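Listed here are the chains, written in short residue letters.
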Amino acid sequence: MRTENRLLIHLRFNTGMLRIKRLFHTIVYIVSALPVSPPESDGARERLLDAATRLFATVGYETATVRDIVGAAGTNLNAINYYYGGKRGLYQAVMLRELERARSFTAELPRAAHDDPLERRLESVVLRILTFFVSQHSQLPRLAALEVVKPSAALDEIWPAMQLMEREDLRALVGEALVDVTGATASADAIDEGVRAVYAQCVYFMFMGEMLQRAGSPVFSSAAAVRRLASRITVFSLSGLRALGQLGDLQ
């Protein structure tokens, strides 16, 4: 009889535990299915984006901490994960917004016609590239400069978006300039060398822009000054490409 009582008690105990376990899993399922309310509501998303832009453009992606960002934005630690899925997602959002700001400005610049002389068409592309790199309308120049100096872990994910739309236009013009000299189509490697040479001149001013302004250089004093610089880069680039073509080593 005692053995039967013990078995009955043991059976009731196990049944009770099973019910508790099922109840626990049911509660967890219900809670997990509930909508998560945002940690902040009064413009938190934009404040995070603005604060992160300032910090990333000042110290870079790796150095800027989540605590620094939420502190500057006046939000809590959960806000970044809620709105952007983490620090890397926030960085991508910052880069995409600054890219759009820079592109919206360069899109307003005049474009040369297809039948314009080569120099005029190249100058038009150089002006857009140069403006893109030195524009004061976005933080992109500083963000890009920091990525060049110290590439972040997030660079691979944002690199495709950072490719300039003018790159293919520039490749076509460089190839045309080399054909004008040699009469033959240059290799892809030779064209890429020419493209890099043009880009390098524009990137130089992205790095040195602030120092040049502090030194009193009028290079960015007005839109006319930037256009003048683009014209000089174009003349220098065409002279270099033609000299390269005369060397005959373009295959």
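Predicted, not measured: the structure shown is a model, and the values here were computed from it.

## Section: the overall build of the protein
Logical step 1: Within the protein one finds eleven helices and zero strands.
Logical step 2: In the protein, the succession of helices and strands from N to C terminus is α-α-α-α-α-α-α-α-α-α-α.
Logical step 3: Residues counted as buried form 38% of the 251 residues belonging to the protein.
Logical step 4: Within the protein, contacts between residues separated by at least 24 positions form 73% of all contacts whose residues are at least 6 apart in sequence.
Logical step 5: Accessible area of the protein: about 15,200 Å², with a carbon and sulfur share of 57%.

## Digging into the nonpolar core
Logical step 1: By size, the foremost hydrophobic cluster in this structure holds 63 residues, and its most contacted members are L48, F56, L90, L130, F133, L170 and F205.
Logical step 2: Broken down by element, the residue count for this core peaks at ten residues, all from helix 6 (residues 118-134).

## So, the pattern of salt bridges
Logical step 1: Enumeration over the complete set of coordinates arrives at nine salt bridges.
Logical step 2: The residue E166 makes a salt bridge to R128 at a minimum N-O spacing of 3.2 Å. With E166 in helix 9 (residues 166-182) and R128 in helix 6, this pair connects stretches of sequence that are 38 residues apart. Neither E166 nor R128 differs from the other in exposure class; each is buried.
Logical step 3: Taken together, the salt bridges that share partners define one network made up of E46, D50, R97, E98 and R101.

## A few points about the packing of aromatic side chains
Logical step 1: For the structure shown, the criterion picks out seven aromatic pairs.
Logical step 2: Measuring from centroid to centroid gives 5.0 Å for Y82 and Y83, while their planes differ by 85°, and the two rings are edge-to-face.
Logical step 3: Overall, the relative accessible area of 36% leaves Y82 in the partly exposed class.
Logical step 4: On the basis of relative accessibility, which here comes to 15%, the residue Y83 falls in the buried class.
Logical step 5: Counting every residue linked through ring pairs, the aromatic cluster contains F56, Y61 and Y91.
Logical step 6: The ring of Y84 has R45 lying over it, and the distance from NZ or CZ to the ring centre is 5.5 Å.

## Thoughts on the confidence of the model for the protein
Logical step 1: For the protein, the average pLDDT comes to 81, and 80% of its residues sit at 70 or higher.
Logical step 2: Ranking the elements of the protein by mean pLDDT puts helix 1 (residues 2-33) last, at 50, and helix 3 (residues 66-73) first, at 95.
Logical step 3: Under a pLDDT of 50 for its full length, residues 27-37 has, in the predicted model, two contacts with residues more than four places off or in other chains.

Definitions and limits used
- What you see as residue numbers is a count from 1 along each chain, following the sequence as written.
- Given that this is a predicted model, residues contribute local features only at a pLDDT of at least 70 and side-chain atom pairs are listed and counted only at 80 or more, while totals for whole chains, interfaces and linings are drawn from all residues.
- Only hydrogens and water are set aside when side-chain values are computed; all heavy atoms of the structure are taken into account.
- Numbering of helices and strands runs from the N terminus, with a helix taken as a DSSP run of H or I at least four residues long and a strand as a DSSP run of E at least two residues long.
- Throughout, exposure labels follow a simple rule: accessible area from a 1.4 Å probe, protein chains only, divided by the maximum for the residue type, with under 20% read as buried, over 50% as exposed, and the rest as partly exposed.
- Whether two residues touch is decided by their heavy atoms; if any such pair falls within 4.5 Å, the residues are in contact.
- The method behind every accessible area is Shrake-Rupley, applied with a 1.4 Å probe, and residues are considered shielded solely by the protein chains displayed.
- Here, the term nonpolar core denotes a set of buried Ala, Val, Leu, Ile, Met, Phe, Trp, Tyr and Cys residues that are joined through side-chain atoms within 4.5 Å.
- When a carboxyl oxygen of Asp or Glu lies within 4 Å of a side-chain nitrogen of Lys or Arg, that pair is called a salt bridge.
- The criterion for an aromatic pair is that two Phe, Tyr or Trp rings (for Trp, the six-membered ring) have centres within 6.5 Å, with stacked assigned to planes under 30 degrees apart, edge-to-face to planes over 60 apart and tilted to the rest.
- The criterion is that NZ of a Lys, or CZ of an Arg, lies within 6 Å of the ring centre and within 35 degrees of the ring normal, and then a charge sits over that ring.
- Confidence of the predictor in every single residue is expressed as pLDDT, which spans 0 to 100.

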